[in-house]
Amino acid sequence: MAIDNVQTNSQVDVNGNAYTASISNDNLTNDDFLELMIQELKMQDPTKPMDSDRMMDNQLKMSTIESNLAMSESMESLQASYQVSALSTAANMIGRVVEDGQIGDDGLEKSYVVSTIESKEGELYANVKQMIGLNDNIVDSEGNAVDYDTNGFIYEDGVATSSRVAIDESGRLIANEEGYLALLDEDGELITDNTEYSYGGTTPVYGDIEALPLSSILKIR
């Protein structure tokens, strides 16, 4: 067997015997070691034979190193495969609402909606937006969305009108059983016979995007 990548430095001792003084090779394998050991045996001084136990011990160490390196490469490949599989599975969480057990300032458990999933230094994170509230929607008699401000004034083409919806102390719209909203007249009195504007459901209000470790998520819904 030819050893193309092994560099040796052969020298001659005072008795005229050749021996290998140094070996430099970052990729020395078990087979290379065996070849070198055979060469050493061929060039050894018959009056001073090499210690066979020491040679076998060195060969065993080399075999162990090779086995460990092979196992390490196999584990790295397995880990990479697992990360890809985990990332693919975690992608199913996008658009879902998750909770991590944290309690907000309002005393309620924080809820987040998942925007994206990414891997950072081997750990999976969900980029989420915290749901910080609900925004009530208004629709007109034709089902079109209607804008309004925090004082309840309804807007048309970006301009505030004199029409004003009633808002309770918690900031929610006041609607009757049929879903029509209560309006306020110029004196702030309730107009209960409104049929022009009705309640159009709610839209979640989200905070800024933050990274949440998948390992911290306790609930998905």
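Residues numbered from 1 in each chain as written. Predicted model: local features only at pLDDT ≥ 70, side-chain atom pairs only at ≥ 80, totals over all residues. Heavy atoms only, no water.

S.K.: Is there a simple way to explain the pattern of salt bridges in this structure?
M.R.: Where charged atoms from two side chains of opposite charge approach closely, those side chains can pair. Going through the model one piece at a time under the given rule, you end up with four salt bridges. Here Glu-118 makes a salt bridge to Lys-120, at a shortest N to O gap of 3.6 Å. Among the charged side chains, a network of salt bridges with common partners joins Glu-99, Lys-219 and Arg-221. (Salt bridge = Lys/Arg side-chain N within 4 Å of Asp/Glu carboxyl O.)

S.K.: Would you mind showing me how to read the pairing of strand S5 (residues 123–139) here?
M.R.: Regular strands show a simple pattern: their side chains alternate between the two faces of the sheet. Alignment of strand S4 (residues 112–120) against S5, held across eight bridges, turns out to be antiparallel. Bridge assignment links Ser-119 to a residue of S5, and that residue is Leu-124. In this structure, the hairpin formed by S4 and S5 is closed by a connection of two residues, where Glu-121 is found at a positive phi of approximately 50 degrees. As defined by bridge partners, S5 adjoins strand S11 (residues 198–213) across twelve bridges and the pair is classed as antiparallel. Bridged to Lys-129 within S11 is Ile-209. Looking at chain direction, S5 and strand S6 (residues 145–148) are connected through two bridges and run antiparallel. The residue of S6 that forms the bridge with Ile-138 is Val-146. In this antiparallel pair of consecutive strands, S5 and S6, the connection spans five residues, and Gly-143 shows a positive phi of 85 degrees. (Pairing = 2+ DSSP bridges. Helix = DSSP H or I, 4+ residues; strand = E, 2+ residues; numbered from the N terminus.)

S.K.: Would you mind showing me how to read the side chain of Asp-149 here?
M.R.: Assignment of secondary structure puts Asp-149 in the loop between S6 and strand S7 (153–156). Contact partners of Asp-149, with chain neighbours within four places excluded, come to Tyr-155 and Ile-167. (Contact = heavy atoms within 4.5 Å.)

S.K.: Whenever I open this one, the nonpolar core confuses me. Can you help?
M.R.: The tendency in soluble globular proteins is for nonpolar side chains to be buried as a group. Within the largest apolar cluster, twelve residues are counted, these being Ala-90, Met-93, Val-98, Tyr-112, Val-114, Ile-117, Leu-124, Ala-126, Val-128, Leu-212, Leu-214 and Ile-217. Among the elements of the structure, S4 and S5 are those that each provide at least two residues to this core. What Leu-214 contacts, discounting residues up to four positions off in sequence, is Ala-90, Met-93, Ile-117, Leu-124, Tyr-125 and Ala-126. Judged by nonpolar contacts, the second largest core, of eight residues, contains Ile-138, Val-146, Val-165 and Leu-181. (Core = buried A, V, L, I, M, F, W, Y, C linked by side-chain atoms within 4.5 Å. Buried < 20%, exposed > 50% of the residue type's maximum accessible area, 1.4 Å probe, protein only.)

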